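If you want the building blocks of each chain, they are given just below.
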Amino acid sequence: MNPIERRPVSLLRIVGGIGDQALYILTDLGNMGIFLFFSLVGLCTPPFRFKELIKQLGFIGAGSITVIFFTALSSGMVLGLQGYYSLHKFGAEGMLGSAVSLTLIMEIGPMLTALMVAGRAGSAMCAEIGIMRISEQIDALECMAIDPFRYLISPKFLAALISVPLLTALFDVVGIMGGYLAGVELMGVNSGAFFAGMQKSVTNHDLRLGVIKSFVFALLLVWICTGRGYFVQKIRGAGFGAESVSKVTTQAVVMSSIAVLIFDYLLTAVLL
Amino acid sequence: MSVEGALPSEPAIRFVDVCKSFGERAHRHLVLDRVSFSVPIGKTTVIAGGSGQGKSVILKLILGLLRPDSGQVLIGDKNISIMGYKALQEVRMLFGVLFQGAALFDSLTVFENIALPLRERTKLSGEEIRDRVAMTLKQLELAGHEEKFPAQLSGGMKKRVGLARALQLEPKIVLFDEPTTGLDPVMTKEIYELFARMQRQLGYTAVIVSHDIPQIFTLADQIILLNKGELDVFTDPSRIPYSTKPNIREFARLIMGQAAV
């Protein structure tokens, strides 16, 4: 067969491959959409699992306090130092409080909190659901006519929606403390100017933007992490058994982190 | 489909011309090809065949976890192939399932695993649930293990806990997926005796998927054999080598070491 005769076959294969991949992506998005719908319905369907909610609040919320504390302290101190060196050039050190607090409340706080929670709790949620799926525990729930969304997924959704905004608030407070330590205690910026600048520049609108971001990021990370675990056996190229869970967990953390970064820009552009 | 001898009861489960395939278009693999059979009420039906012949697929079709490409799966007179989620949930209340790996919840104790369906699906008080679970634990010789986690149990004990959980809602039909995989011969015999005893006591319809041939035939009132997409039904294991289906005769030759007629 000469190359000219072969070309249509190869072209067909390429077009077929692209179509096949497009169909797979559409199916995956559809599955994830249905998953989100049933998870949100499960939030409003009694009986509510308060014990499980408390357990998840402990895991996602209380369990993340240490990592959030140190990330916030480090970010705040770095912001304090960097801000001081930049503002010092213009003799505007008094604006340090304003610069640190606005950056933390509107951008760094919600974003880094979501990334930390995705890395710590999101990966664990994905692996837990993935293992339950491959060991037929989710099938067992369905066979007992127990809704796996209400029983398993929705408490995680609610816990993330409560925990992430609270952790973001903690991040903001600790971050501002870090900025104060670096700017005021180490570099000698006036303490009154630091707090006055912060009080003058931070408005309700800025706080609202931070809160909205933290809710959206919480929803994104819990949706993607639990959803990837739930569909572990349907994800192309994930393989089987323990390998599939490890691959899908990595994928879930990467995807949720990218989604957080994209939505950070979009929300800032729309709401600023 | 040929049926060797007649069973007295009406069917609890019926497959009518069911087809099921897997894989993407280019590599589609037909697992069940126009399969039809019935499972009689109150009897034990064993579905046997080699690996990858579609035994577990049949169980998942019965439970509505998979939908057939074509044909009907009837539970009583209800076609579950076209049912919505809510209606399917109601039909699933008829079933108890013992999964291959027992599918116990790792984070729950033995007691919590067995109590789960009662807590979630009934309005029994905490005390009533405790009494009922304690009775089942005693029946299945699991008393004293209530506070253990699944990871602390042997393979045989996991199966017994799985059976205890499957029986909590007094199911009309109990499905067993490869119930003796990973067990030694002594434990396998004990589990078979337990199955027979519980079925006699509770009178449910049992469907057992297994490749433990011919030992599993001792439990069977009806045997369904699967090989290479073909299916045949027997009430007497000695009739298996005389099947009219060539693939079943070939399978019989392989597993029973007998020459097909």
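Just above, that's the structure.
Residues numbered from 1 in each chain as written. Chains lettered and ligands numbered in written order. Predicted model: local features only at pLDDT ≥ 70, side-chain atom pairs only at ≥ 80, totals over all residues. Heavy atoms only, no water.

J.: Could you give an account of the interface of chain A and chain B, with specific residues and numbers?
T.: Taken together, the contact between chain A and chain B spans 21 residues of the former and 25 residues of the latter. Both sides together, the interface formed by chain A and chain B hides about 1,900 Å², and carbon and sulfur atoms give 56% of it. Of all residues in chain A, the largest losses of buried area upon contact with chain B belong to A:C143, A:M144 and A:A145, amounting jointly to 31% of the total for that side. Applying the counting rule to chain A against chain B returns one salt bridge. Between B:E120 and A:R150 there is a salt bridge; the shortest N-O distance is 2.6 Å. Viewed at the interface, chain B and chain A are joined by three residue pairs in polar contact (both at pLDDT 80 or more). Elements that contribute at least two residues to the side of chain A that touches chain B include exactly α1 (3–43), α4 (96–134), α5 (137–143) and α6 (148–186) of chain A. A per-element tally of the side of chain A that touches chain B places α5(A) first, with six residues. Among the residues forming the side of chain A that touches chain B, the class breakdown is 11 nonpolar, two polar and eight charged. (Contact = heavy atoms within 4.5 Å. Buried area = accessible area lost by both parts, 1.4 Å probe. Salt bridge = Lys/Arg side-chain N within 4 Å of Asp/Glu carboxyl O. Polar contact = N/O pair within 3.5 Å; in protein donor to acceptor, adjacent residues only side chain to side chain. Helix = DSSP H or I, 4+ residues; strand = E, 2+ residues; numbered from the N terminus. Nonpolar A, V, L, I, M, F, W, Y, C, P; charged D, E, K, R; others polar.)

J.: Can you explain the nonpolar core? Please cite residues and give values.
T.: One broad trend across soluble globular proteins is that nonpolar side chains are buried collectively. B:I13, B:F15, B:F37, B:I62 and B:L175 are the most contacted members of the largest nonpolar core, which has 94 residues in total. No other element matches α6(A), which puts 14 residues into this core. B:I62 has contacts with B:I13, B:F15, B:V73, B:I75, B:I80, B:F95 and B:L175, leaving out every residue within four places of it along the chain. One finds B:A164, B:L183, B:M198 and B:I213 within the second-largest nonpolar core, a separate group that totals 45 residues. (Core = buried A, V, L, I, M, F, W, Y, C linked by side-chain atoms within 4.5 Å. Buried < 20%, exposed > 50% of the residue type's maximum accessible area, 1.4 Å probe, protein only.)

J.: Any details on the packing of helix α3 (residues 110–121) of chain B against helix α4 (residues 126–139) of chain B? Residues and values, ideally.
T.: Residues and elements named next belong to chain B. Where α3 meets α4, the axes come as close as 10 Å, and the angle between the chain directions of the two elements is 125°. Here α3 lies oblique to α4, going by the angle between them. The chirality of how α3 crosses α4 is right-handed. Contacts from V110, F111, I114, A115, L118 and R119 of α3 reach α4 at I129, R130, R132, V133 and L137. Classifying every residue of the contact of α3 with α4 gives eight nonpolar, no polar and three charged. (Axes fitted to C-alpha atoms, helices over the stretch in contact; angles between N-to-C directions. Parallel < 35°, antiparallel > 145°, perpendicular 65-115°, else oblique. Left-handed = near helix turned anticlockwise from the far one by under 90°.)

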